[in-house]
Amino acid sequence: MLKEKVLKAINQQINNEYYSAFLYLSMSAWFQGKGFQGLANWMFIQYQEELSHGNKFFRYVNERGSQVVLKPIAQVETDFQSVLSVFERALEHEQFVTDSIHKIMDVAIEEKDYATQSFLKWFIDEQVEEEAHAGEIVDKLRMINGHINGIFMLDHQMGKRVFVSPT
Ligand SMILES: [Fe+2]
């Protein structure tokens, strides 16, 4: 069984991951409403990835013979200023998630929970990629600087992304 502090931190992280899923689903809906189907597709895949992250933590708690406790998902943003502001928000959110995973690792180290430390390693690596992806798109959008042709080109590119289950 997981120690209480570790379990509490992971249960909170399950909520964070499903919150991330909702946030990206909301961004996908906003892009869809603006006619950017490629960006909507990219964010929908991001939503699917976050669901799989939540599920991975969920299964881990079960495997360790402990109890998942689900909490309500906070209201996510439904309106955004611009395409750039969506990705800036996504990057900021990924930085928050990275920080929260690092904090769970701190707890697992404190509690000498070696199995959880090993389990979390996948997420620590995954966050490096998540931040890099969001950061690259923010950089591209800053170069595009609001020019509609550039945004449509990016929309076209991002429409090609397909979901590959990360777990
Ligand atoms: Fe995640």
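As shown above, the structure is provided for reference.
Description of the structure in this document. Values in this document were obtained by computation on a predicted structure and should not be read as measured data.

Overview of the nonpolar core
Part 1 of the reasoning: Counting residues in hydrophobic clusters, the biggest one holds 28 residues, and the most contacted among them are Met27, Phe31, Leu39, Met43, Val83, Phe87 and Leu141.
Part 2 of the reasoning: Among the elements of the structure, helix 1 (4-34), helix 2 (37-63), helix 3 (83-110), helix 4 (114-144) and helix 5 (148-158) are those that each provide at least two residues to this core.
Part 3 of the reasoning: With 7 residues, helix 1 is the single largest residue contributor to this core.
Part 4 of the reasoning: Leave out the neighbours within four places in its chain, and Phe31 touches Phe36, Leu39, Ala40, Met43, Val83, Val86 and Phe87.
Part 5 of the reasoning: Among the nonpolar cores identified, the runner-up in size contains 20 residues, and Ile14, Tyr18, Ile101 and Ile104 belong to it.

Quick word on the packing of helix 4 against helix 5
Part 1 of the reasoning: Between helix 4 and helix 5, whose axes approach to 9 Å, the crossing angle comes to 150°. Relative to helix 5, the element helix 4 lies roughly antiparallel. Taken as a pair, helix 4 and helix 5 cross one another with a handedness that is right-handed. Only Gly150, Ile151, Leu154, Gln157 and Met158 of helix 5 make contact with helix 4, whose side of the interface consists of Ile137, Lys140, Leu141 and Ile144.
Part 2 of the reasoning: Residues belonging to the contact of helix 4 with helix 5 are distributed by class as follows: 6 nonpolar, 2 polar and 1 charged.

Things to note about the packing of helix 2 against helix 4
Part 1 of the reasoning: Following both chains from N to C, one finds helix 2 and helix 4 inclined at 170°, their axes separated by 12 Å at the closest point. If you check the angle between helix 2 and helix 4, you find them roughly antiparallel. Counted together, Trp42, Gln46, Glu49, Glu50, His53, Lys56, Phe57 and Tyr60 of helix 2 and Ala115, Thr116, Phe119, Leu120, Trp122, Phe123, Glu126, Glu130 and Ile137 of helix 4 form the full contact between these two elements.
Part 2 of the reasoning: Broken down by class, the residue content of the contact of helix 2 with helix 4 amounts to 9 nonpolar, 3 polar and 5 charged.

Comments concerning the pattern of salt bridges
Part 1 of the reasoning: Scanning the entire structure with this criterion turns up 9 salt bridges.
Part 2 of the reasoning: Ionic pairing is found between Glu77 and Arg89, a salt bridge with its closest N-O pair at 2.4 Å. With Glu77 in the loop between helix 2 and helix 3 and Arg89 in helix 3, this pair connects stretches of sequence that are 12 residues apart.
Part 3 of the reasoning: Judged by relative accessible area, Glu77 falls into the partly exposed class, the value being 29%.
Part 4 of the reasoning: Two residues, Lys103 and Asp99, come together in a salt bridge whose shortest N-O distance is 3.0 Å. Here Lys103 and its partner Asp99 are both found in helix 3, 4 residues apart, which amounts to about one turn of the helix.
Part 5 of the reasoning: According to the relative accessible area criterion, Asp99 is partly exposed, its value standing at 38%.
Part 6 of the reasoning: Here the salt bridges do not stand alone but share partners, grouping Lys5, Glu110 and Glu111 into one network.

Reading guide: rules and limits
- Think of each chain on its own: its residues are numbered from 1, step by step along the sequence as written.
- pLDDT decides what is reported in this predicted model: residues at 70 or higher carry local features, side-chain atom pairs at 80 or more are listed and counted, and totals for whole chains, interfaces and linings draw on all residues regardless.
- Excluding hydrogens and water, the side-chain figures rest on all heavy atoms present in the structure.
- Only buried Ala, Val, Leu, Ile, Met, Phe, Trp, Tyr and Cys residues count toward a nonpolar core, and they belong to the same one when joined by side-chain atoms within 4.5 Å.
- Residue burial is assigned from relative accessible area. The probe radius is 1.4 Å, only protein chains are included, and a residue is buried under 20% of its type maximum, exposed over 50%, and partly exposed in between.
- Under the DSSP-based scheme used, a helix requires at least four consecutive residues in state H or I and a strand at least two consecutive residues in state E, with every element numbered from the N terminus.
- A contact between two residues is defined here by any heavy atoms of the two lying within 4.5 Å.
- Orientation is described by lines fitted to C-alpha atoms, with helices fitted over the stretch in contact, and by angles between N-to-C directions that extend from 0 to 180 degrees.
- When an angle is under 35 degrees it counts as roughly parallel; over 145 it counts as roughly antiparallel; between 65 and 115 it counts as roughly perpendicular; any other value is oblique.
- Crossing handedness follows the turn of the near helix against the far one: under a right angle anticlockwise gives a left-handed crossing, and clockwise gives a right-handed one.
- All residues other than Ala, Val, Leu, Ile, Met, Phe, Trp, Tyr, Cys, Pro, Asp, Glu, Lys and Arg, Gly among them, are scored as polar; the first ten of these are nonpolar and the last four charged.
- We define a salt bridge as a side-chain nitrogen of Lys or Arg found within 4 Å of a carboxyl oxygen belonging to Asp or Glu.

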